[in-house]
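# Structure assessment
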Amino acid sequence: MAETKREIERKYEATGDDVRLPDLTKAAGVASVVDKGVAELDAVYYDTQDLRLAADSLTLRRRTGGDDAGWHLKFPVATGIRDEIRAPLSPDVPRTLAALLRSRVRDTPLTPVVRLLSSRHVRHLLDEDGALLAEVSVDAVRAQRLSPGQVATAAWTEIEVELADEVDPALLDRVEKRLRKTGLRPSQSASKLARALAETAPSVPGLPKPPAADRTPAGDKATAGGHVLGYLRAQRDALIGFDPAVRRELPDSVHQMRVATRRLRSAFKSYGKVLDRTVTDPVGEELKWLAAELGVDRDQEVLTERLQNRIAALTRTLLLGPVRGRLRIWSVARRSGSRRKTLAVLDSKRYLALLDTLDALLAAPPLRPAARRPVAEVLPKAVIKDYERLAGRIAHALELGPGEPRDLAMHAARKAAKRARYAAEAAEPALGAPAKRFAKRMKAVQTVLGDHQDSVVAREALRGLAIQAHLAGESAFTWGLLYGQEVAAAADRERELPGVWHRASRPKLRAALGA
């Protein structure tokens, strides 16, 4: 069973072995310092032979000694902040931790790469009530490279200040001020592992290089090919990065991972003049599959929240029957199934093959002749083409009367609006403010069309809930009332669309984007 701890700390470098800490009770808020003695720690760090985890600033270790012996997997959150996921000691990497690394390592084995032996002298900083504020440790570290052919060693001393739970991070600033007065300076390495890798591999300066797929140069960012490849790599990295967040059920992670798949697929289509679509279309179909599978979880989340808000807005007199209870049971049942399905997808061979395919495509991109042309010649035309595609779909939707054909046409227009928005967002670093304004207008159109589609999906769910209530002998009145509200909401969006579209299409887009 794994547990997660948010780790907020700062590291400092010492120039010698004899480290003397200043009087830290002079840091505001610190009433006393308690010496907790010395602990001997033995940690073996695991990675792939090409150091994929280190390249992404992840660390996986098996540590004995101290009061937190076990397996520790650390994900960077921000500078000085990491999430540490712990699992009990075992001979091999725990399955729970291995799953969180699967998008990065895939079928590549994890092996020991570095061993760190640390003699840790710990002191606790306490407030006037005796509550723990922070832990200060002086670590005498000995590092040994464990990779085949590597026998290098290194030694150093460093100081760590780790904040206790729910303590104001401003304490770290006050403690640092005291440490700096004694000549200590912030560490140049983000972690002990990073320093060990650098100092035990003198022929490779700094951190190890990323995997081969990431080392391929994106090309000149002034060219259409270089710019588009840079964007695609960023989305590929986001897709891989959100995988463990989805497994951990972090807020909004499913949505963000799904967005990355859609942006990749959209860029393949929008920038077909840059990348050969005979190569990218099959990859796009696999991305479509992944987005749909992830959507089962995300769509259920959005739908449940929408219905809960509708119910919360009703007066008590309009809530006939166990409405909230029925919605809760319905949502939990569907959520449980979708969660299992999402995890099964992330563990599937098809998904891992897709990640490998993306790496291979970006390592050897199928560039077309337009890829060598300047961004200002290629990108605006691609954005305008997507805009004109959207214009045709909206015109078609507005010609139809209310009913299922219009619902389907509005949904098709929504997908076109999203593609036009993503195309502009991809071009924004190169085209600047005009692309940013265009993307903002496309988002407004997408929002109206998206809310319309949400009402269509909600009506279908409400109809099913009404049938369930009726068969259980409950009143279906409230479900019918909510159904009517969704019909009215869809009609409101249909009336709103022409105005939003007019504002979005008013600028002379070709001139604005330089097309």
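Residues numbered from 1 in each chain as written. Predicted model: local features only at pLDDT ≥ 70, side-chain atom pairs only at ≥ 80, totals over all residues. Heavy atoms only, no water.

### Quick look at the pairing of strand β6 (residues 111-126)
Here strand β2 (residues 32-47) pairs with β6 via 15 bridges, running antiparallel. When the sheet's bridge partners are listed, Asp47 is paired in β6 with Thr111. Across 13 bridges, the pairing between β6 and strand β7 (residues 132-145) is antiparallel. Looking at β7, one finds that Leu117 is bridged to Arg142. (Pairing = 2+ DSSP bridges. Helix = DSSP H or I, 4+ residues; strand = E, 2+ residues; numbered from the N terminus.)

### As for the environment of Ala439
For Ala439, the position within the fold is in helix α14 (residues 433-471). When near neighbours in sequence (up to four residues on either side) are disregarded, Ala439 contacts Arg421, Ala424 and Glu425. (Contact = heavy atoms within 4.5 Å.)

### Focus: the environment of Thr153
Topologically, Thr153 is positioned in strand β8 (residues 153-163). Between the C-alpha atoms of Thr153 and Leu193, which are 40 residues apart in sequence, the distance is 13 Å. When sequence neighbours within four positions are dropped, the list of residues in contact with Thr153 reads Ala143, Gln144, Glu199 and Thr200.

### Side note on the nonpolar core
Grouped together as the largest cluster of nonpolar side chains are 64 residues, with contacts concentrated most on Leu232, Tyr271, Leu379 and Val445. The biggest single contributor to this core is helix α13 (residues 404-431), with 11 residues. Setting aside anything within four residues of it in sequence, one finds Leu232 in contact with Leu264, Ala267, Phe268, Leu275 and Leu362. Ranked by size, the runner-up nonpolar core spans 21 residues in total, among them Ala134, Ile159, Ala164 and Leu179. (Core = buried A, V, L, I, M, F, W, Y, C linked by side-chain atoms within 4.5 Å. Buried < 20%, exposed > 50% of the residue type's maximum accessible area, 1.4 Å probe, protein only.)

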